[in-house]
Amino acid sequence: MPKEKRELKDLSIDPAVLDILSLAKQKNYETVWDRLERQSPHCKFGSSGLCCRNCVMGPCRITEKTPKGVCGADAATIVARNLIRALAAGAAAHSDHGRAVAVLFNEVAQGKNKDYQIADEAKLKSIAEKFHIHTSQDITSIAKEVARVALEDFGKQDEKALNFLEAYAPQKRKETWQKVEEALFSQTGKKMGILPRNIDREITECMHRTHMGVDNQALSLLVQGVRTALADGWGGSLIATELQDVLFGTPDKKVIKANLGVLKEDQVNIIVHGHEPILSEQVVAAAMSPEMQEKAKEVGAQGINVAGICCTANEVLMRLGVPVAGNMIHQELAIMTGVVEAMVVDVQCIFPSLGPLAKCFHTKFISTSDRAAFPEAVHIQFDEHHAREVAQKIVETAIEAFKERDPQKVHIPQEVEEAVVGFSVEEIIKILGGSPKPLVDAILAGKIKGVVGIVGCNNPKIKHDAFHISLTKELIKKDILVIGTGCWAIAAAKAGFMKLDAQALAGEGLKEVCKALDIPPVLHMGSCVDCSRMLVLAAALADYLKVDISDLPLVGSAPEWTTEKAVSIGTYFVASGVPVHLWPMPPIGGSEEVVGILTEGVKDLLGGYFFIEEDPVKTASRMERIIMEKRKAF
Ligand code: CUV
Ligand code: SF4
């Protein structure tokens with residue numbers, strides 16, 4: 001966090017953001033940056049991971065003079081415990097999302113829910129094949145069996161690895177995990193499991209082990225963190241992605257529009273924000289219905305415009321081509337345009353500041369999930385069994401609000417970019433002509449040096465989108481293909497990096513490949529749970545070459561990360577064999593031992609590791625070095 005007061009232009013590279021920020025200043029609307037300034041400087045114990053509140057003999061803070069907490073826990077234990085608690089929360093968020101999808105999918109399969117259907121039978125069959133489920137049966141029987149293996153991963157009590165991990169992870173990687181478990185046992189004499197057995201169980205075990213007086217060794221704690229992260233990446237998140245594709249369709253290539261300029265002055269604007277397409281798909285469908293469009297005309301609007309924010313945006317843009325109003329940082333700014341009739345939210349990354357902010361406008365801030373409540377929100381309880389009805393009610397509430405819009409407050413930034421999106425693994429393979437071979441050949445020939453996956457959030461401590469965009473730009477210049485998800489993907493879309501024109505920004509080799517395939521050099525692979533798509537792609541390449549993921553010229557990054565989910569994502573990439581860059585520094589600086597394990601120690605065990613770098617250009621160079629090193633071994 002910079003010490004001096006930052007000027008407006010230092011807060012974001014997005015002109016739409018700066019436009020609304022000057023408006024906010026003029027009108028005295030409070031933003032995330034204002035609150036950050038008031039919270040700064042942040043507590044050093046918290047930022048280095050050295051504050052423990054896990055029992056009430058504490059809270060304890062570790063310093064040179066007081067190197068032990070009241071119970072005797074040292075810095076390494078406290079830092080590791082805090083880290084895996086954060087990781088467990090992140091894995092829980094993704095996996096609870098995955099569970100909701102699995103439960104719904106099961107009900108659809110059982111014929112108990114008619115508001116949703118199986119939209120993609122081909123995908124369902126391809127999933128079934130991975131589990132050796134007979135695909136010659138009728139669709140509902142296949143669906144029932146797939147639902148069973150998915151739900152089992154949340155509840156089975158045996159010691160075997162997750163069904164989904166067994167079915168999806170590449171052979172060599174599974175062998176690596178097995179070997180690591182054996183090596184850890186023979187080196188330490190203590191059993192340390194890496195292979196996750198049950199998604200909920202690993203999260204619970206993180207909570208158990210971090211309770212006062214249970215697990216008090218950094219390595220042991222971090223290995224459980226790795227197991228929990230794997231339960232997310234190859235479990236909860238993967239189940240979310242796969243079954244959402246079955247219920248809503250597997251994404252394919254399409255052109256969308258991005259940034260606040262997608263909001264329309266003459267229409268009812270509804271923003272869907274949060275994470276779960278179970279809700280947003282229904283809101284989009286209801287808004288598009290002729291009946292609702294007609295109602296909108298009755299209040300004087302030209303129609304209804306739905307736009308997304310955060311990962312909900314990514315879900316509906318990938319599948320339905322719905323425009324995206326912005327990433328995480330845009331959530332308050334969107335309301336400040338004065339044209340948002342309703343902001344409809346479910347779970348995750350939704351600022352509780354939105355309720356009070358919406359009160360300054362005609363905007364209805366609508367919460368819908370039984371898991372999430374917000375101050376000053378209008379709660380319209382979502383229920384999968386009455387999904388259409390509830391979605392209609394939400395849209396009607398937005399239409400009503402249109403009448404209250406104050407023209408004096410309307411201020412829509414003009415910025416809008418086009419982006420080619422929709423790169424599911426299935427779509428990528430289709431574009432490649434049915435097999436990963438052309439991509440592998442391009443990599444072997446050096447036209448594409450390697451692939452970097454960028455994920456994650458925005459963080460007001462960092463100039464908004466700046467790291468995302470400079471890093472992306474540097475990488476494609478170096479003939480490195482960039483893929484990714486989450487708020488990075490929205491940043492790239494807004495900055496024009498996902499247009500076909502962006503091929504011009506790529507190095508000669510990458511440009512040639514992208515031209516031949518008619519794709520941008522930067523690929524949108526979806527929402528945060530869709531980071532699992534990147535794992536599946538890596539697995540496809542590894543299995544095709546009969547190598548481990550750690551042998552591939554792949555690097556990951558979360559350059560503006562914020563959430564606990566990002567801790568889990570970063571860790572499952574590392575655990576899957578991918579070196580992962582992070583900025584800002586995670587709260588582990590208080591323990592050299594923990595830093596050592598995560599940046600060095602894991603390398604020999606898992607092949608992946610974390611590295612921290614503040615400068616985008618240096619990050620890109622370091623990634624290139626890692627990739628060139630890996631290429632040598634090819
Ligand atoms: Ni789930 S986790 S800010 S929306 S990417 Fe966006 Fe992505 Fe981070 Fe949240
Ligand atoms: Fe302090 Fe130990 Fe309790 Fe943590 S668990 S608050 S270090 S006494």
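Remember, predicted model here, so these are calculated numbers, not experimental data. (Residues numbered from 1 in each chain as written. Chains lettered and ligands numbered in written order. Predicted model: local features only at pLDDT ≥ 70, side-chain atom pairs only at ≥ 80, totals over all residues. Heavy atoms only, no water.)

A.B. asks: Explain the site of ligand 2 to me, and be specific about the residues and the numbers.
C.D. replies: With respect to spatial proximity, the complete set of residues near ligand 2 consists of C52, N54, C55, M57, G58, C60, G69, V70, C71, I78, R81 and M212. For the shell around ligand 2, the per-class residue count stands at eight nonpolar, three polar and one charged. Split by domain, the residues of the shell around ligand 2 number at least three in each of domain 1 (8–61) and domain 2 (75–248). (Near = heavy atom within 4 Å. Nonpolar A, V, L, I, M, F, W, Y, C, P; charged D, E, K, R; others polar. Domains from an automatic or database assignment.)

A.B. asks: Account for the pattern of salt bridges, naming residues and giving values.
C.D. replies: Under the counting rule described, the total for this entry stands at 49 salt bridges. One salt bridge connects D158 with K156, and the closest N-O pair in it is separated by 2.6 Å. For D158, a relative accessible area of 31% puts it in the partly exposed group. For D441, the salt bridge goes to K437, with nearest N and O atoms at 2.8 Å. Taken together, the residues span about one helical turn, with D441 and K437 both in helix α18 (residues 437–444) at a distance of four residues. A relative accessible area of 40% means that K437 is categorised as partly exposed. Through salt bridges that share partners, K123, E242, D245, E315, R319, E426, D530 and R533 make up one connected network. (Salt bridge = Lys/Arg side-chain N within 4 Å of Asp/Glu carboxyl O. Buried < 20%, exposed > 50% of the residue type's maximum accessible area, 1.4 Å probe, protein only. Helix = DSSP H or I, 4+ residues; strand = E, 2+ residues; numbered from the N terminus.)

A.B. asks: Can you explain empty space enclosed by the protein? Please cite residues and give values.
C.D. replies: Per the stated rule, a full pass over the model turns up six cavities of 30 Å³ or more. Of the volumes computed, that of the largest cavity is approximately 200 Å³. Forming the walls of the largest cavity are 20 residues, and the residues nearest its centre are G453, M534, V555, G556 and F573. Looking at the lining of the largest cavity, the elements with two or more residues in it are β11 (450–454), α22 (531–545), β14 (554–558) and α23 (564–575). (1 Å grid on protein atoms, 1.4 Å probe; cavity = no way out; pocket = protein on both sides within 12 Å on 5 of 7 lines; lining within 4 Å. Points joined across faces, edges and corners; volume = space filled by probe spheres on them.)

A.B. asks: Lay out the site of ligand 1 with the relevant residues and their values.
C.D. replies: As a matter of local geometry, ligand 1 sits amid H275, C310, C311, M328, C349, G456, C457, G486, C487, C528, T563 and K565. Secondary structure elements with two or more residues in the shell around ligand 1: α13 (310–320) and α20 (486–494). By residue class, the composition of the shell around ligand 1 is seven nonpolar, four polar and one charged. In this structure, the shell around ligand 1 is formed jointly by two domains, domain 3 (260–409) and domain 4 (423–632), each of which donates at least three residues.

A.B. asks: A description of the side chain of S532 should follow, citing residues and the corresponding values.
C.D. replies: The residue S532 is located in helix α22 in this model. Only 2.9 Å separates the side chain of S532 from the side chain of T241, close enough to count as a polar contact. Sequence-distant contacts of S532, defined by excluding residues within four places in its chain, comprise G233, S237, L238, T241 and Y572. (Polar contact = N/O pair within 3.5 Å; in protein donor to acceptor, adjacent residues only side chain to side chain. Contact = heavy atoms within 4.5 Å.)

A.B. asks: Can you tell me about the coordination of the nickel atom of ligand 1, naming the residues and giving the values?
C.D. replies: Only H275 (NE2), C311 (SG) and C528 (SG) from the protein reach the nickel atom of ligand 1 as donors, at distances of 2.3 to 2.7 Å. Of note, the nickel atom of ligand 1 draws all its donor residues from one chain, in the sequence arrangement H-x35-C-x216-C. Of this pair, H275 sits in the loop between β4 (268–273) and α11 (277–288) while C311 sits in helix α13, and the two are 36 residues apart along the sequence. Just as H275 is buried, C311 falls in that class too. (Donors = N, O, S within 2.8 Å, 3.2 Å for Na, K, Ca; no water.)

A.B. asks: I'd love a proper account of the packing of aromatic side chains, names of residues and values included.
C.D. replies: Inspection of the entire model under this criterion finds nine aromatic pairs. Between the aromatic rings of W177 and W234, the centroid separation amounts to 6.3 Å while the plane-to-plane angle is 75°, which identifies the pairing as edge-to-face. Pair noted here: W177 is in helix α8 (residues 171–188) and W234 is in helix α10 (residues 218–248), with a separation of 57 residues, a long-range link. Side by side, W177 and W234 carry an identical accessibility label, which is buried. Ring plane angle 35° and centroid distance 5.3 Å describe the contact between Y572 and F573, whose orientation is recorded as tilted. When sorted by exposure, Y572 lands in the same class as F573, which is buried. (Phe/Tyr/Trp six-rings, centres within 6.5 Å; stacked < 30°, edge-to-face > 60°.)

A.B. asks: Describe the UniProt feature "binding site: [4Fe-4S] cluster 2" (unreviewed entry) in the chain, naming the residues involved and giving the relevant values.
C.D. replies: Here, UniProt's "binding site: [4Fe-4S] cluster 2" (unreviewed entry) annotation points to C52, C55, C60 and C71. These annotated residues cover 20 residues of sequence, and their C-alpha atoms lie no more than 10.7 Å from one another, placing them together at a single site. Residue class for C60 comes out buried when judged on its relative accessible area of 13%. If we skip the residues at most four places from it in the chain, C60 touches L50, C51, C52, G69 and V70. Position of C71 relative to the elements: it lies in the loop between β2 (60–61) and α4 (75–109). (UniProt positions renumbered as here; feature names shortened; annotations may be inferred.)

A.B. asks: Describe the state of the cysteines, listing the residues and the values that go with them.
C.D. replies: Tallied over the entire structure, the rule returns zero disulfides. No disulfide involves C51; its sulfur sits 6.3 Å from that of C43, the nearest cysteine. A relative accessible area of 24% means that C51 is categorised as partly exposed. (Disulfide = S-S within 2.5 Å.)

A.B. asks: For the UniProt feature "binding site: [Ni-4Fe-4S] cluster" (unreviewed entry) in the chain, give the residues involved together with the corresponding values.
C.D. replies: UniProt's entry tags H275, C311, C349, C457, C487 and C528 with the feature "binding site: [Ni-4Fe-4S] cluster" (unreviewed entry), counted in the numbering of this structure. In summary, the annotated positions, though distributed over 254 residues, converge in three dimensions, the widest C-alpha pair being only 13.1 Å. Ignoring anything within four residues of it in the chain, the contact list for C311 reads G274, H275, G486, S527 and C528. Within the secondary structure, C457 sits in the loop between β11 and α19 (466–477). Residue classification places C457 among the buried residues on the basis of a relative accessible area of 9%. Dropping the residues within four chain positions of it, C457 is found in contact with H468, C487, E560, W561, T562, T563 and A566.

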